[in-house]
Structure formats: structure tokens, C-alpha cells
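Take a look at the letters that make up each chain.
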Amino acid sequence: NAGVTQTPKFRILKIGQSMTLQCAQDMNHNYMYWYRQDPGMGLKLIYYSVGAGITDKGEVPNGYNVSRSTTEDFPLRLELAAPSQTSVYFCASSQYNSPLHFGNGTRLTVT
Amino acid sequence: AQKVTQAQTEISVVEKEDVTLDCVYETRDTTYYLFWYKQPPSGELVFLIRRNSFDEQNEISGRYSWNFQKSTSSFNFTITASQVVDSAVYFCALSEVLNQAGTALIFGKGTTLSVSS
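Starting afresh in each chain, residues are numbered from 1 along the sequence in its written order. Written order decides the labels, with chains lettered from A and ligands numbered from 1. It should be noted that, the model being predicted, local features are given only for residues of pLDDT at least 70 and side-chain atom pairs only at 80 or more, the latter also being counted only at that level, while totals for whole chains, interfaces and linings use all residues. Remark: hydrogens and water are excluded; side-chain values derive from all non-hydrogen atoms of the structure.

### Topic: empty space enclosed by the protein
Rolled over the atoms, a probe as big as a water molecule pinpoints where empty space is left. Both cavities and pockets are sets of points on a 1 Å grid over the protein atoms alone; in a cavity a 1.4 Å probe fits but cannot get out, in a pocket the set is open with protein on both sides within 12 Å along at least five of seven lines, and lining residues sit with an atom within 4 Å of a point. Grid points are joined across faces, edges and corners, and a volume is the space filled by probe spheres set on the points. Evaluated as defined, the whole model comprises 1 cavity of 30 Å³ or more. Here the largest cavity is characterised by a volume of approximately 30 Å³. Looking at the largest cavity, the residues that line it are A:Tyr33, A:Ser94, A:Asn97, A:Ser98, A:Leu100, B:Phe35, B:Ser95, B:Thr103, B:Ala104 and B:Leu105. At 3 residues, the largest contribution of residues to the lining of the largest cavity is made by strand β11 (residues 103–107) of chain B. Put simply, Ala, Val, Leu, Ile, Met, Phe, Trp, Tyr, Cys and Pro go in the nonpolar bin, Asp, Glu, Lys and Arg in the charged bin, and everything else, Gly too, in the polar bin. Within the lining of the largest cavity, the residues separate by chemical class into 5 nonpolar, 5 polar and no charged. The way it works is that DSSP assigns letters per residue, a run of H or I at least four long becomes a helix, a run of E at least two long becomes a strand, and they are numbered from the N terminus.

Have a look at this one:
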């Protein structure tokens, strides 16, 4: 049972480059989330989805985009990478009001 | 506004000491859930407990216990007889109803616990 799978684990980007962080879950969860974790700041919600075809902004959505074409996948897109996007990104999934199941994270550095 | 405050940034204890991690929350919702997660040095996030706002019973699981007090909006976490393996960052989180009728979690900034031998 894989749970929530994130790829890649690590990535270094140059300023202005773009990339997609992949996230897949095999638990048939309706809800999926992207959080970013900065040192000493906890986790902040970037985007979320309540089902295929439905996404919405969280607390810190600027500079990111998402899509949810299937229940399983919820990729996060960075179009023009900036140093402020250096962070650890976590994808998670859940059912309503249930604990979030997190992936192992993607450590992104933008230089 | 929804908010979770973990006032203790870092705590250091010696093995076998008891330690309590504080969590205070603010919410406009009448029904909500509270959570604790552990993030060991390896970086993954491990779910520890979920508590419904209607259930104020204390919970004990081995060396871990949780004290939920609605009157003071607190959900504190105690580790009894701490061990080196308890060294981690601990996050308290609060459920939040979202625009699309889903829920997400609002996290506190975390408390880093260091247990030395």
C-alpha cells in the first residue's frame, strides 16, 4: 500500500525555471492538499482539491498552479521559480475531517 | 480567525523526564477537530491523534497522553518518561472548513523536542 507518493524528493531550480511536483495517492481519497513548510513556520496550505475537477486556493497560492484531472493525481506547478519558493513541499490526502496522510515531501531549492 | 499557537519553540529534556507540549487554538466553528503530528529528523509527518470538539475525554496511548480543555481552548500533549526516539518536531493542527465544503488543517509552528541520553 503506497499511500501518498511524491516525486521528486529533491530538486534545484534556477530562478525563472518551471517545474511540476507530482503527487499520487492510491487510497481513493476525495481531498488532496499541497502544503509548504518553511523553517520555524509550520505548514501552510497552498492549494487544495475536494475532488476531480475541483480545486481552490489556500493561504499561500501565489506563484503556483494545480490541476486535478483524476482522483489519484494532484500535481503542483511552479511557473517562474523564485528564491521565495525554496521550501519543503508536502502533498496530502484525506477523507472528510479525517487525518491527513502525507507524502514524504519534496525539498526544493531555487537559486 | 482560525489559529493554532504553540508557544514553545524548543524544549530540551533528559531521558526519562516527562514533558508537556502546549497547544492553544482559536476557531469560529462549533464543531472542529484537533490533531497532533510528529515530524522526526527523517522529515516525514506522522499522525498521532485526532480529537473531536465534542469529546473532552483525555486520551492515553502508551507513554503519550493528551489533555483537551475546551474552556481554555487547549489541547496539550504529554510524553511520559521521554526517550531519545521522541526527539522530533511536534505539530498541533486544527480543522478548518474551506470554501468548497472541504476541510483542511491549520498548523501551529511546531515545537522542537530534543531528548538527550
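Past the structure itself, the notes keep going.
### As for the side chain of B:Lys38
Residues and elements named next belong to chain B. Checked against the element boundaries, Lys-38 lands in strand β5 (residues 33–39). Per-residue accessibility, obtained with a 1.4 Å probe over protein chains only, is compared with the maximum for each type, and a residue is labelled buried under 20%, exposed over 50%, and partly exposed between these values. Working convention for charge: Lys and Arg count positive, Asp and Glu count negative, and His plus the chain ends are omitted. For this analysis, a salt bridge means a side-chain nitrogen from Lys or Arg found within 4 Å of a carboxyl oxygen belonging to Asp or Glu. In this structure Lys-38 is buried but unpaired, with Asp-86 as the nearest side chain of opposite charge at 4.6 Å. Residue contacts follow a heavy-atom distance rule, with two residues in contact if any of their heavy atoms lie within 4.5 Å. In this view, Lys-38 contacts Glu-44, Leu-45, Val-46, Leu-48, Tyr-64, Val-85, Asp-86, Ala-88, Val-89 and Tyr-90; residues no more than four positions away in its chain are not counted.

### Observations concerning the layout of surface pockets
By volume, the largest pocket amounts to about 590 Å³. Along its surface, the largest pocket is lined by 32 residues, and A:Gln37, A:Val88, A:Arg107, B:Gln39 and B:Gly43 are the ones closest to its centre. Every element with two or more residues in the lining of the largest pocket is listed here: β9 (87–94) and β11 (106–110) of chain A together with β10 (88–97) of chain B. A class-by-class count of the residues in the lining of the largest pocket yields 10 nonpolar, 17 polar and 5 charged. Lining the second largest pocket are 23 residues, and of these A:Leu43, A:Glu59, B:Glu96, B:Ile106 and B:Phe107 sit closest to its centre. Those elements that provide at least two residues to the lining of the second largest pocket are β5 (43–51) of chain A together with β1 (3–5), β10 and β11 of chain B.

### Comments concerning the interface of chain A and chain B
At the junction of the two partners, chain A supplies 22 residues and chain B supplies 22 residues. Accessible surface is computed with a 1.4 Å probe, and the buried area is the amount of it that two parts give up when combined, taken over both parts together. Across the chain A/chain B interface, buried area totals approximately 1900 Å², and carbon plus sulfur atoms make up 60% of it. Taken together, chain A and chain B are joined by 0 salt bridges. The definition of a polar contact used here is a pair of N or O atoms within 3.5 Å, where within protein one atom must be able to donate a hydrogen and the other to accept one, and adjacent residues in sequence count solely through side-chain atom pairs. If you look at where chain A meets chain B, you find 4 residue pairs in polar contact (both at pLDDT 80 or more). Looking at the side of chain A that touches chain B, the elements with two or more residues in it are β4 (31–37), β5 and β6 (54–57) of chain A. Of the residues contributing to the side of chain A that touches chain B, the split by class is 14 nonpolar, 7 polar and 1 charged.

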